[in-house]
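# Coordinates in review
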Amino acid sequence: MGDSTPKAQVPASGSRLTVTIRDIAFGGEGVARVDDFVIFVPFVVLGEEVEIEIIEAKKRFARARLLRVLRPASERVAPPCRYFGQCGGCQYQHIDYPAQLRLKRKQIADLFQRIGGLDETVIGPVIPCPQPYEYRNRIMIRSQWDKVKKGLNIGFIRHDNRLVVDIEECKVAEPLLNEQIKRVRAHPPPKGGLKVVLRVAPEGWDVPRDSFFQNNFFLLARLVEAVRERVRDSGVRHLVDAYCGVGFFAIELADEVESFAGIEIDLMAIKAARGNAANRGRSNGEFVSGDVAAVLPGLLKRFCATATAIILDPPRAGCSLASLELLRQTRPRQIIYVSCHPATLARDLNVLLRDRVYELLKVVPLDMFPQTQHIECVADLRAGLAS
């Protein structure tokens, strides 16, 4: 016998509907349902009744654009940026800041439950940024030829396509960067398709032009504090800072351990890390150039596993399976996983926690990226009960 369950009717592209927003998905889009059919809508708030227009219809879901808010939520605020709703950089300027923090914690919990079946009670409240605007110290603006106006657009990629929104300022960027935007606009790139990285250098740190450094100085001390607290709690004597960049975590935490080592594939960053350590008188460690999966085995043979903590702060794509499996085999006492992408974090934790090789003690979320979908997490794992 065939399945007699009636299928949800797919709304046609271009149709207009009135819906209620039932959830906000990770990534920032609101979730509405019409006869169990899912519709994603940007720039809405949980509980709102809105009028939408379907712009893309597939078999299992549709995407819509917001036409009108018929019944606004109490958390809705007026976004301060004139480009919000066009620019793809921010997703939450229309939601008041305390509500953003609650939303991000719920999204982390939902992802952890769905991807790894993890208990949300280990997730702490999101630590707020003391400055929810004018905080970002690095941005990348793009140039693109606009055939209509016959000139360059200089700005950010739109939220709904790959076109560039022409911008004169960015509300989440530090004021010094907005001054740099003015200079770029006064002396534009020679053609479209070019990217310009603008950055405010961190005081007291050597950071090569293309090397990574945390994008929010205002929450940096709290991030270090969160990691330091977890290292101190474990009582380890050695620290390996994988994906160490210019040595930030290793150098900041060197006084908590007898010895440390940093690993980084970026040669310029390794050179800077060595200089940064020397400038701070950190002489109880070293920085090694190479791929984490290749270098880590040798370091883990030198350090006693039961007295060693590993800091993982990988790119947004997460850790390689080879590195995760190596950690499962060598079982250092503690893994502190620092991530700006909860979905890849949950995926990698799922590997590390399998068969109780590791146990997840605590997750500390920090809002390093206010007004956006992104959230930083510090996860503390300890070697588990597996034999």
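Report follows, based on the coordinates. Keep in mind that this is a model prediction, so the values were computed, not measured.

A word on the overall build of the protein chain. In terms of regular secondary structure, the protein chain is built from eight helices and 17 strands. Computed over the C-alpha atoms, the radius of gyration of the protein chain is 23 Å, within 12% of the 21 Å expected from 2.2 N^0.38 for a compact globule of 387 residues. Across its three principal axes, the protein chain shows a C-alpha extent of roughly 65 × 65 × 35 Å. Counting across all 387 residues of the protein chain, residues that qualify as buried make up 51%.

So, about the packing of helix H7 (residues 321–330) against helix H8 (residues 342–353). Relative orientation of the contacting elements H7 and H8 amounts to 35°, with a least axis distance of 9 Å. Taken as a pair, H7 and H8 cross one another with a handedness that is right-handed. Here H7 contributes Leu321, Leu324, Glu325, Leu327 and Arg328 to the contact with H8, which in turn contributes Asp348, Val351 and Leu352. Split into classes, the residues belonging to the contact of H7 with H8 amount to five nonpolar, no polar and three charged.

The next subject is the sheet that holds strand E2 (residues 23–24). Strand order in the open sheet made by the six strands is E1-E5-E6-E4-E3-E2, with mixed pairing throughout. The sheet terminates laterally at strand E1 (16–20) and E2, the two strands that pair on one side only. Pairing analysis gives eight bridges linking strand E5 (residues 49–57) to strand E6 (residues 61–71), with the strands arranged antiparallel. From the neighbouring strand, Glu53 faces E6, where its bridge partner is Arg65.

With that out of the way, let us pick up the pairing of strand E12 (residues 259–264). The element E12 is largely enclosed, with a buried count of six among its six residues. Neither face of E12 is exposed, since Ser259, Ala261 and Ile263 on one face and Phe260, Gly262 and Glu264 on the opposite face are all buried. One ladder, built from four bridges, connects strand E11 (residues 238–242) with E12; its direction is parallel. Across the sheet, Leu239 pairs through a bridge with Phe260, a residue of E12. Pairing between E12 and strand E13 (residues 285–289): five bridges, direction parallel. In the sheet register, Glu264 faces E13, and the bridge partner there is Ser289. Running through helix H5 (residues 267–279), the crossover from E12 to the neighbouring parallel element E13 is right-handed.

With that settled, consider the packing of aromatic side chains. If you walk through the whole model with that rule in mind, you get eight aromatic pairs. Ring geometry for Phe40 and Phe61: centres 5.8 Å apart, planes at 70°, overall edge-to-face. Separated by 21 residues along the polypeptide, Phe40 in strand E4 (residues 37–41) and Phe61 in strand E6 bring together distant segments of the chain. Using a relative accessible area of 18% as the deciding quantity, one classes Phe40 as buried. Each ring, one from Trp205 and one from Phe213, has its centre 5.8 Å from the other, and the planes form 55°; the classification is tilted. Pair check on accessibility: Trp205 and Phe213 agree, each one buried. One aromatic cluster is present, formed by Trp205, Phe213, Phe217, Phe248 and Phe249 through successive ring pairs. A cation over an aromatic ring shows up here: Arg280 above the ring of Trp205, its NZ or CZ 3.9 Å from the ring centre. When the ring centre of Phe303 is taken as origin, the NZ or CZ atom of Arg302, which lies over that ring, is 5.4 Å away.

It is worth spelling out the pattern of salt bridges at this point. Applying the stated criterion across every chain yields a total of 36 salt bridges. A salt bridge links Glu256 to Arg232; the shortest N-O distance between them is 2.4 Å. Taken together, the residues span a long stretch of sequence, with Glu256 in the loop between helix H4 (248–253) and E12 and Arg232 in helix H3 (residues 220–234) at a distance of 24 residues. Taking relative accessible area as the criterion, Arg232 reaches 52% and is therefore assigned exposed. The shortest N-O distance in the salt bridge between Asp348 and Arg347 comes to 2.9 Å. One network of salt bridges, with partners in common, ties together Glu229, Arg230, Asp233, Lys362, Asp380 and Arg382.

Okay, the nonpolar core next. Phe112 and Leu360 are the most contacted members of the largest nonpolar core, which has 104 residues in total. Excluding residues that lie within four positions of it along the chain, Phe112 makes contacts with Gly117, Leu118, Ile123, Pro342, Leu345, Ala346, Leu349, Leu360 and Val363. Of all hydrophobic cores here, the second largest spans 19 residues; its members include Ile24, Ala32, Val44 and Ile52.

In this section: the pairing of strand E7 (residues 138–146). A regular strand places its side chains on the two faces of the sheet in alternate fashion. With five bridges joining them, E7 and strand E10 (residues 195–199) adopt antiparallel strand pairing. Residue pairing for E10: Arg142 is matched across the bridge by Lys195. The turn joining E7 and strand E8 (residues 151–157), which pair antiparallel and follow one another in sequence, is formed by four residues; a positive phi near 55° is taken by Lys150.

We now examine the sheet that holds E11. Strand order across the open sheet formed by seven strands is E13-E12-E11-E14-E15-E17-E16, with mixed pairing between neighbours. Taken across any chain shown, the strands that pair with only one partner, and hence form the sheet edges, are E13 and strand E16 (358–366). Strand after strand, the sheet turns through a mean of 15° between neighbouring axes, direction not considered.

Phi angles above zero are rare outside glycine, and Phe43 is one such case at about 65°. You can see Phe43 is positioned in the loop between E4 and E5. Phe43 sits in the buried class, given a relative accessible area of 15%. Positive phi values are uncommon outside glycine, yet Arg356 reaches one of about 60°.

About the cut-offs
- Residues numbered from 1 in each chain as written.
- Predicted model: local features only at pLDDT ≥ 70, side-chain atom pairs only at ≥ 80, totals over all residues.
- Heavy atoms only, no water.
- Helix = DSSP H or I, 4+ residues; strand = E, 2+ residues; numbered from the N terminus.
- Rg over C-alpha atoms; globule rule 2.2 N^0.38 Å.
- Buried < 20%, exposed > 50% of the residue type's maximum accessible area, 1.4 Å probe, protein only.
- Axes fitted to C-alpha atoms, helices over the stretch in contact; angles between N-to-C directions.
- Left-handed = near helix turned anticlockwise from the far one by under 90°.
- Contact = heavy atoms within 4.5 Å.
- Nonpolar A, V, L, I, M, F, W, Y, C, P; charged D, E, K, R; others polar.
- Pairing = 2+ DSSP bridges.
- Right-handed = clockwise from strand over helix to strand, strands pointing away.
- Phe/Tyr/Trp six-rings, centres within 6.5 Å; stacked < 30°, edge-to-face > 60°.
- Lys NZ or Arg CZ within 6 Å of the ring centre and 35° of its normal.
- Salt bridge = Lys/Arg side-chain N within 4 Å of Asp/Glu carboxyl O.
- Core = buried A, V, L, I, M, F, W, Y, C linked by side-chain atoms within 4.5 Å.

Everything listed here is a matter of coordinates, which is why it stays silent on function.
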